[in-house]
Amino acid sequence: MFSLDWIYYAISWILLAWHSAWDAIGVPETAVIGTNWSWILAIVFLVVTVRVILFPIFVKQIKSQRAMQALQPQVKALQEKHKGDRETLQKEMMELYRKEKANPLMGCLPMFLQIPVFLGLFHVLRRLNPDPAKANKDIYGWTVEQFNSASDATLFTAPIASKFGSTAAELAQLGANGTTVKIMAGILVLVMMGTTYLTSRQMILKTGWAEDPQQRMIQRLMLYGIPLSLLVSGAIFPIGVIIYWVTNNLFTLGQQQWVLRKFPPPVTATSKPGTGAQPAKTTGLFGRSKPAPAPTKPAAPKVAGPKPGAKPANPKKGRPAKRQG
């Protein structure tokens, strides 16, 4: 059976290293405002460490998505050509992707690579228990003191090892108040859902919806399916894991904004020949269109007036002289 111990050791090592670093620079070990900030910051910087490691892959993801977007006209042509012949269509599309070095799965690769980190943190935090009789406190490189300290760590008095669905027995072991845990976990789950939705929406607004039905289905799953699934699965996540997820989403929002500015979406050519190219639609993070600048009217040419005492340069002709008398 394949062992995941190496993941648990790696996650524990990074978590403990950051906790020791914050402790060394003077972050108090005791709770301040009901929060043990050294452990909260250790989880936050676990995210930073993982994202820095995965940053080159994230850039490749953006480049692959740009390549996929540039291939959409050819994909659409293949769909029209092989309409009704799904097997041939798939072969032709795979050949096109191979030839142009575009990988449809690259868009999900960074997320898949973070799954082991998420599972490792979930497993490590689930073990936390301040019970003195608990065995194997020193597993995965922990000391007994570090294990007890993490077991007592809280976020606004809610233990980071507790969850929305914690039983009365689990809450009693952690010395937690059930109402406080449910309020904190509920708020964090809603924030987790919202930031997960925004990260997917940000990318789709910048890159556009895919023409390929399979790619569009994946986009819809990322945009709506995953955030909705968190409403249920979030009840089993320890608060520390939700902190990791929310921090990861916020990091993703900032990272995507930076990368999308550095690698802007390509312009999309219009279907009518001779019309040139149109820039991608500019929208804000929440989908609101940014107002386009108002067109400026050309200024009317200034006409210099006649100098005082000067005769008209172009006297009007054809007008009869005025009779006197």
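See the structure shown above.
In this text, all values refer to a predicted model and were calculated from it rather than measured experimentally. (Residues numbered from 1 in each chain as written. Predicted model: local features only at pLDDT ≥ 70, side-chain atom pairs only at ≥ 80, totals over all residues. Heavy atoms only, no water.)

S.K.: In this structure, what is going on with the side chain of Thr 247? I would like to understand it.
M.R.: Within the secondary structure layout, Thr 247 lies in helix α10 (residues 239-262). Look past the residues within four positions of Thr 247 in its chain and what remains in contact with it is Val 44 and Val 47. (Helix = DSSP H or I, 4+ residues; strand = E, 2+ residues; numbered from the N terminus. Contact = heavy atoms within 4.5 Å.)

S.K.: Before we go on, may I ask you to explain unusual backbone geometry in this structure?
M.R.: The phi angle of most residues is negative, glycine excepted, and most peptide bonds adopt the trans form. With a phi close to 55°, Ile 33 is a non-glycine residue in the positive phi region. Along the chain, Ile 33 falls in the loop between α1 (5-24) and α2 (37-70). Of the residues examined, Ile 33 reaches a relative accessible area of 64% and is grouped as exposed. The residue Thr 157 is not glycine, and still its phi comes out positive at about 75°. Following the sequence through the fold, Thr 157 ends up in the loop between β1 (154-155) and β2 (158-159). Since its relative accessible area comes to 47%, Thr 157 is described here as partly exposed. (Buried < 20%, exposed > 50% of the residue type's maximum accessible area, 1.4 Å probe, protein only.)

S.K.: What exactly am I supposed to notice about the packing of aromatic side chains here?
M.R.: Centre distance and the angle of the planes are the two values used to describe a pair of aromatic rings. This model, assessed by the stated rule, comprises 14 aromatic pairs. Summarising the aromatic geometry, the rings of Phe 118 and Phe 237 are spaced 5.1 Å apart at their centres and angled 80° between planes, so their arrangement reads as edge-to-face. Of the two residues, Phe 118 is situated in helix α5 (residues 109-126) and Phe 237 in the loop between α9 (213-233) and α10; the sequence distance between them amounts to 119 residues. We note that Phe 118, like Phe 237, is buried. When the ring of Phe 122 is compared with that of Phe 237, the centres are 6.3 Å apart and the planes differ by 80°; the resulting orientation is edge-to-face. One end of the pair, Phe 122, is in helix α5; the other, Phe 237, is in the loop between α9 and α10, and 115 residues separate them in sequence. In terms of burial, Phe 122 and Phe 237 fall into one category: buried. In this structure an aromatic cluster arises from ring pairing among Phe 118, Phe 122, Phe 237 and Trp 245. (Phe/Tyr/Trp six-rings, centres within 6.5 Å; stacked < 30°, edge-to-face > 60°.)

S.K.: Even after reading the chapter, I still don't get the nonpolar core, so can you show me in this structure?
M.R.: Soluble globular proteins tend to bury their nonpolar side chains together. Counting residues in each nonpolar core, the largest one holds 49 residues, and the members touching the most others are Leu 121, Trp 142 and Phe 237. Elements with a minimum of two residues in this core: α1, α2, α5, α6 (144-152), α7 (168-174), α8 (178-207) and α10. Excluding residues that lie within four positions of it along the chain, Leu 121 makes contacts with Ile 11, Leu 15, Ile 43, Leu 46, Gly 240, Val 241 and Tyr 244. Core analysis: the next-biggest nonpolar cluster, separate from the first, contains 9 residues, Leu 71, Val 75, Leu 89 and Leu 96 among them. (Core = buried A, V, L, I, M, F, W, Y, C linked by side-chain atoms within 4.5 Å.)

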